[in-house]
Amino acid sequence: MRRAFMATVLFVFVSGICVAAPSNEDQIRKRIDDFAATWNKHDATALAYFWSVDGDLINPFARKAKGLTELQRLFQDEHSKAMKESTFKPGTVSIRFIEPTLALVDADVEISGVANPDGTTATIKPHITNLMRKSGGQWWIVAARAFIFQLPPPPPAPAPK
């Protein structure tokens, strides 16, 4: 009886070791998906809490925010206006670990349904670079920079002589 009990305990212990915790990369990818879901609910306060307490953001429109209060205000302002009906969809994501708890995360995203002043909507495709740090078992955005890369139109063809 004692051997059966010990064998059961050993099996449970070994089985528990074999169940791998999600990798840091998987955790970051899930964090990006969670951010998208939160964006699509337009919850400004919850969006701000993806950042570290002293984290900062420069968005594609050159608006800046530092700290949770400023981040929450920026998201509240944008999600009550231009981003009110928008949908955030992550695309390609690249993760580079600088240290085990520090990662540089590049992501291409698509934000559709952005309201223009004339009442029409647009889709923007920013590239976002995040510096993320793991603390307390969670990945937090320390700094985020979002850019919309658009090439200028080609110069007009020279007039024939």
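These notes cover the structure that comes with them. (Residues numbered from 1 in each chain as written. Predicted model: local features only at pLDDT ≥ 70, side-chain atom pairs only at ≥ 80, totals over all residues. Heavy atoms only, no water.)

### Observations regarding the nonpolar core
Grouped together as the largest cluster of nonpolar side chains are 33 residues, with contacts concentrated most on Ile-28, Trp-39, Trp-51, Phe-75, Phe-88, Val-105 and Ile-111. If you list the elements that add at least two residues to this core, you get helix 2 (24-41), helix 3 (44-48), strand 1 (51-58), helix 4 (67-79), strand 3 (87-99), strand 4 (102-115), strand 6 (127-135) and strand 7 (138-147). What Phe-75 contacts, discounting residues up to four positions off in sequence, is Trp-39, Ala-44, Leu-47, Ala-48, Trp-51 and Leu-57. (Core = buried A, V, L, I, M, F, W, Y, C linked by side-chain atoms within 4.5 Å. Buried < 20%, exposed > 50% of the residue type's maximum accessible area, 1.4 Å probe, protein only. Helix = DSSP H or I, 4+ residues; strand = E, 2+ residues; numbered from the N terminus. Contact = heavy atoms within 4.5 Å.)

### Let's talk about unusual backbone geometry
Even without glycine at this site, His-42 takes up a positive phi of about 60 degrees. The residue His-42 is located in the loop between helix 2 and helix 3 in this model. The backbone phi angle of Ala-62 is positive, close to 70 degrees, even though this residue is not glycine. On the basis of relative accessible area, Ala-62 is assigned to the exposed category, the value being 55%.

### Quick look at the side chain of Glu-78
With respect to the helices and strands, Glu-78 occurs in helix 4. When near neighbours in sequence (up to four residues on either side) are disregarded, Glu-78 contacts Asn-59, Phe-61, Arg-63, Met-83 and Lys-84.

### Re the packing of aromatic side chains
For the structure shown, the criterion picks out 9 aromatic pairs. Ring geometry for Phe-35 versus Trp-51: centroids 6.1 Å apart, planes at 65 degrees, classification edge-to-face. With Phe-35 in helix 2 and Trp-51 in strand 1, the pair connects residues that are 16 residues apart, well separated along the chain. Judged by its relative accessible area of 11%, Phe-35 is buried. For Trp-51, a relative accessible area of 4% corresponds to the buried category. Centroid distance Trp-39 to Phe-88: 5.2 Å. Interplanar angle 45 degrees. Geometry classified as tilted. Residue Trp-39 is found in helix 2, and its partner Phe-88 is found in strand 3; the two are separated by 49 residues along the sequence. (Phe/Tyr/Trp six-rings, centres within 6.5 Å; stacked < 30°, edge-to-face > 60°.)

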